[in-house]
Each structure stands twice: as C-alpha cells, then as structure tokens.
Amino acid sequence: MALHVRGVLLPDDEVRDIWLVGDRVTFEPVPGAETIADGGFVLPGLIDAHCHIGIARGGAPITSLDQARELARVDRDAGVLAIRDAGSPYPYPELDDDPELPRLARAGRHVAPPKRYLRDIGVEVGAAEVAATVTEQARAGNGWVKLVGDWIDRGVGDLAPAWDAATMTAAVEAAHAAGVRAAVHTFSESAVEIMVRAGVDSVEHGTGLSLDLIDEMARRGTALVPTMINIQTFGGIADQARAKFPGYADHMLALRDRFPEVVRSAYEAGVPIYVGTDAGGGIDHGLAAEEMLLLHERAGMPAVDVLAAASWGARDWLGFPGLVEGGLADLVVYAEDPRTDLRVVRNPSRIVLRGRPIR
C-alpha cells in the first residue's frame, strides 16, 4: 500500500505532501494512500557516516550476521536510515539489501600497519603489501576502503604515520584505480597532511589538521567526519598510556582540547563535514543525535548545517537520494522544528525506512 506524509519538508522549508510507493518517493498524488504523518518537520533519513556494525561493544569483531543486524537496528531506531561502515573485520554483504536495516555503504577490513592497531580488526601489512591489500579490500566493500593512517608507535612513544609517505600515497591511488573511495583514520598532524595531499576522499577524526591543510581540503573537496564523540574519549586513552608513554598522553590531550576549534575552522573554510559517531568498540550505537549536538554546541555549526551533515547532504555524498521525485523512501519526522532546537533530533515521532514504517 502507498503511504502519504504531509509536513514541512526540509531543506525546502515548505509544507509538502509526499507519497511513498514501495521504496520510492513521488509528489504526484496517489489515491487511497494511507496517511501516516500529518504535520511536523520531515527530513530525509539520517546518516551515520562513520559507524562499525562489524565490531562488538568492547572492540572484538562480531561473529555472526545476527550481531550485525542487532547493532544496525539500534541505529535505525534512532532515525539513522543509512550507514557508512568505515571498516569491518566481519564480512556481511548479505545485509546490503536487507529490508529491515539501514542502507549500507561499506568498506572492507581496515588496512593497518603490523602490530600497530586494534587487535583482530584490520588486515595488518607492511609497506610492500599495502597497495595490493587495498585492491583486495576494495572488492570486499561496496564503494569504500579504510586506511589506518597513524597509531601509536611504541618505539617513538607517540603517534606516527602507519607507513612512509610514498606507500600511503600509493594506497590512495590503488583505491581510486579499483573504483572506490578511500577513507583514512588519522589523529596526528603528520599523517593527515600526507593523506590529504595524496588525495584521500575523507578524513576520519582529523584531530591533527592545521589551518593550511584545512584550506587544502576545502580546495580539493575532501570531506571531514569529525566523530567528536570519539575524541571525547581521549582523556581515558591518555590516562591509560601515561605511565609508559607520557609524551603520547600529553599529545592526545592537546589534540582533544583544540579539536572543537579545528572543526569550526573546517566548517568556516567550506570543508564538507558529515556526521559520524564511530559506533562500535568503545562507542555505543544510536548516538547520531548526540554527535549532531556536539557539532552544534561545541564546534559552532548552525543547526541547519548540522542537519544537512546528517541528512540530505550526507545522503548526496554517499549516493542515497533523499526526498526528491523518484528518491528513496527513507524519512524521519519531528514534531517540532529541529532548526530552532536541535535537541528535537533525539526524539523522532515517525521513522520510515524503504517505504515501511518503523516507528
């Protein structure tokens, strides 16, 4: 049966009638459609652009499709109707078209340096194997690869790039040659500079960004997914590391403390910014609204731009058409205007995924 929704459609900011026929949107009236929402503010379904439904709470890989489904449902029930899984140690292509779950843009496993990343999560390879491994992981995903650009180097006692600059540049080139986009995890100043200049498509976290590099990202159109929820955990990381690596601990705290200004500067420079929570491992699922509030309250992004970063803008970036003629039938409805009070995004009154009411 066709469904009918009426409300203030964002970003258009006008009252519209929308009909959902199967998994598609139309603005042409459909006789006999069931009205499921009349009033409120209607957005294309939210996105979590940095999420891991392949990693269980605590950091271990999941071991079954049922676990992935359970985690994805938590996000779905918060209004997140599409996910970019930024690296999974467990393959689950079977879920790409699951009618009960958010739409998926997936990377394969993280490509990481040997013994310098989370245990059992990434494919750990030396410099000579990086490009070939990227090509392999491009086939394992459905449009993305994930590179670990830096991590603590215990010999140095601080963050350091995963490989030399030539290898990291070749990794990005290998991803593009395979027809996929490359996302890179970076905390440090040195690794993020290498990767931005190498042409990476998105910077994940990006705590080490400088103003000059932000301008370069804006020029190139390189996206930033700040994961501000994740950066708030740096205090605990520093506490655990301080006894053995005091320089690293101090560095992590400094990166944390300056990060809201980094994100604000990136926004002001015109860098594309998208909402991602880094759910999986140490971050709970279902927290997209909290990440949105951090971008607004701590980084100073206007509410309407945060909404774009979590909804219509992020959907365009990932290739999931929003509420346009012929677009995908994913939407969330809020009783009040989230542009006026962004806290509204914590409580969607109606969620429709793939043309089917969830709430």
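Data block above holds the structure.
What comes next concerns the included structure. Note that the structure is a prediction, hence the values are computed from the model and not measured. For every chain, the first residue of the written sequence is number 1, and numbering continues from 1 along that sequence. Residue-level local features of this predicted model are given only where pLDDT is at least 70; pairs of side-chain atoms are given and counted only at 80 or more, and the full residue set underlies all totals for whole chains, interfaces and linings. Processing note: side-chain calculations cover all non-hydrogen atoms of the structure and skip hydrogens and water entirely.

### Details of the overall build of the protein chain
Phase 1 of the analysis: Each helix is a run of H or I in the DSSP string that is no shorter than four residues. Each strand is a run of E no shorter than two, and both are numbered from the N terminus. Helix and strand content of the protein chain: eleven helices and 18 strands.
Phase 2 of the analysis: In terms of C-alpha radius of gyration, the protein chain reaches 20 Å, essentially the compact-globule figure of 21 Å for 359 residues.
Phase 3 of the analysis: Projected onto its principal axes, the C-alpha positions of the protein chain cover 70 × 40 × 35 Å.
Phase 4 of the analysis: Within the protein chain, the proportion of its 359 residues that are buried is 59%.
Phase 5 of the analysis: Considering only residue pairs separated by 6 or more positions, the protein chain has 66% of its internal contacts joining residues 24 or more positions apart.
Phase 6 of the analysis: Areas reported here follow the Shrake-Rupley algorithm with a probe of radius 1.4 Å; residue values treat only the protein chains shown as occluding. For the protein chain, the accessible area works out to roughly 13800 Å², and carbon and sulfur atoms hold 49% of it.
Phase 7 of the analysis: Measuring between centres, the 35 positive side-chain charges of the protein chain sit 3 Å from its 52 negative side-chain charges. Based on C-alpha atoms, the radius of gyration is set beside the globule rule, defined as 2.2 Å times the residue count to the power 0.38. Buried means the residue's accessible area, taken with a 1.4 Å probe over protein chains only, is under 20% of the maximum for its type, while exposed means over 50%, and partly exposed covers the values in between. Residue contacts are defined here by distance: any two heavy atoms, one from each residue, within 4.5 Å place the two residues in contact. In this tally, Asp and Glu contribute negative charge and Lys and Arg positive charge; neither His nor the terminal groups of the chain are included. To locate a charge, take NZ of a lysine, CZ of an arginine, CG of an aspartate or CD of a glutamate.

### Points about the sheet that holds strand S6 (residues 80-85)
The strands making up a sheet are joined through hydrogen bonds of the backbone, oriented either antiparallel or parallel.
Phase 1 of the analysis: Two strands qualify as a pair provided that DSSP identifies no fewer than 2 bridges between them. Strand order in the open sheet made by the three strands is S5-S6-S7, with parallel pairing throughout. Each of the sheet's edge strands pairs with one partner strand only, and the pair in question is strand S5 (46-51) and strand S7 (103-106). Strand-to-strand twist across the sheet, computed as the mean angle between neighbouring axes with direction ignored, equals 20 degrees.
Phase 2 of the analysis: Bridge count for S5 against S6 is four bridges, and the pairing is parallel. Its bridge partner lying in S6, Ile 47 is registered against Ala 82. An axis is simply a line fitted to the C-alpha atoms; with a helix, the fit covers only the stretch in contact. Between two such axes, the angle follows the N-to-C directions and lies from 0 to 180 degrees.

### Topic: the nonpolar core
Phase 1 of the analysis: The term nonpolar core refers to a set of buried residues drawn from Ala, Val, Leu, Ile, Met, Phe, Trp, Tyr and Cys, joined through side-chain atoms within 4.5 Å. Core analysis: the largest hydrophobic core is formed by 100 residues, its most contacted members being Ile 53, Val 134, Leu 147 and Met 292.
Phase 2 of the analysis: It is helix H8 (residues 246-269) that provides the largest number of residues to this core, a total of seven residues.
Phase 3 of the analysis: Discounting residues that sit within four places of it in the chain, Leu 147 has contacts with Val 111, Val 134, Ala 171, Val 172, Ala 182, Ala 183, Val 184, His 185 and Met 195.

### Concerning the layout of surface pockets
Phase 1 of the analysis: Approximately 830 Å³ is the volume found for the largest pocket.
Phase 2 of the analysis: Together, 33 residues line the largest pocket, and Leu 118, Trp 151, Phe 187, Asn 230 and Ile 237 are the ones closest to its centre.
Phase 3 of the analysis: Contributing elements (two or more residues each) for the lining of the largest pocket: strand S11 (150-153), helix H7 (234-241) and H8.
Phase 4 of the analysis: Per-element tally for the lining of the largest pocket: the top contributor is H7, with four residues.
Phase 5 of the analysis: Each residue receives one of three labels: charged for Asp, Glu, Lys and Arg, nonpolar for Ala, Val, Leu, Ile, Met, Phe, Trp, Tyr, Cys and Pro, and polar for the others, Gly being one of them. For the lining of the largest pocket, the class distribution of residues is 15 nonpolar, 13 polar and five charged. With a 1 Å grid laid over protein atoms only, a set of points is called a cavity when a 1.4 Å probe fits there but cannot get out and a pocket when it is open yet has protein on both sides within 12 Å along at least five of seven lines; lining residues have an atom within 4 Å of a point. Grid points are joined across faces, edges and corners, and a volume is the space filled by probe spheres set on the points.

### Details of the environment of Ala 243
Phase 1 of the analysis: Checked against the element boundaries, Ala 243 lands in the loop between H7 and H8.
Phase 2 of the analysis: On the accessibility criterion, Ala 243 (80% relative accessible area) is exposed.
Phase 3 of the analysis: In sequence terms Ala 243 and Ala 112 are 131 residues apart; their C-alpha atoms lie 26 Å from each other.

### Quick notes on the pattern of salt bridges
Phase 1 of the analysis: When a carboxyl oxygen of Asp or Glu is within 4 Å of a side-chain nitrogen of Lys or Arg, the pair counts as a salt bridge. Applying the stated criterion across every chain, the model contains 25 salt bridges.
Phase 2 of the analysis: Note that Arg 356 and Glu 100 form a salt bridge whose closest N and O atoms lie 3.0 Å from each other. With Arg 356 in strand S18 (residues 356-357) and Glu 100 in the loop between S6 and S7, the pair connects residues that are 256 residues apart, well separated along the chain.
Phase 3 of the analysis: Given a relative accessible area of 31%, Glu 100 falls into the partly exposed group.
Phase 4 of the analysis: Note that Glu 216 and Arg 219 form a salt bridge whose closest N and O atoms lie 2.7 Å from each other.

### Concerning the packing of aromatic side chains
Aromatic rings in a pair are described by how distant their centres are and how their planes are angled relative to each other.
Phase 1 of the analysis: What counts as a ring pair is set by centres within 6.5 Å for rings of Phe, Tyr and Trp (its six-membered ring), and what kind of pair is set by the plane angle: stacked under 30 degrees, edge-to-face over 60, tilted for all other angles. For the structure shown, the criterion picks out five aromatic pairs.
Phase 2 of the analysis: Between Trp 144 and Trp 317, the ring centres sit 5.4 Å apart and the planes meet at 65 degrees, which makes this aromatic pair edge-to-face. Pair noted here: Trp 144 is in strand S10 (residues 144-148) and Trp 317 is in helix H11 (residues 312-318), with a separation of 173 residues, a long-range link.
Phase 3 of the analysis: Arranged with centres 6.4 Å apart and planes meeting at 25 degrees, the rings of Trp 151 and Phe 187 form a pair that is stacked. Here the residue Trp 151 occupies a position in strand S11, and Phe 187 occupies one in the loop between strand S13 (181-186) and helix H4 (189-198), the gap between them amounting to 36 residues. In terms of burial, Trp 151 and Phe 187 fall into one category: buried.
Phase 4 of the analysis: An aromatic cluster is present here, built from Tyr 117, Trp 151, Phe 187 and Phe 234 joined pairwise through their rings.

### Let's talk about the pairing of strand S4 (residues 34-44)
Phase 1 of the analysis: Two strands pair when backbone bridges link them, and strand S1 (residues 3-9) and S4 are joined in this way by six bridges, in the parallel orientation. Paired with Arg 6 across the strands is Asp 38, a residue of S4.
Phase 2 of the analysis: Sheet topology places S4 next to strand S16 (residues 331-334); four bridges connect them, and they run antiparallel. From the neighbouring strand, Val 42 faces S16, where its bridge partner is Val 333.

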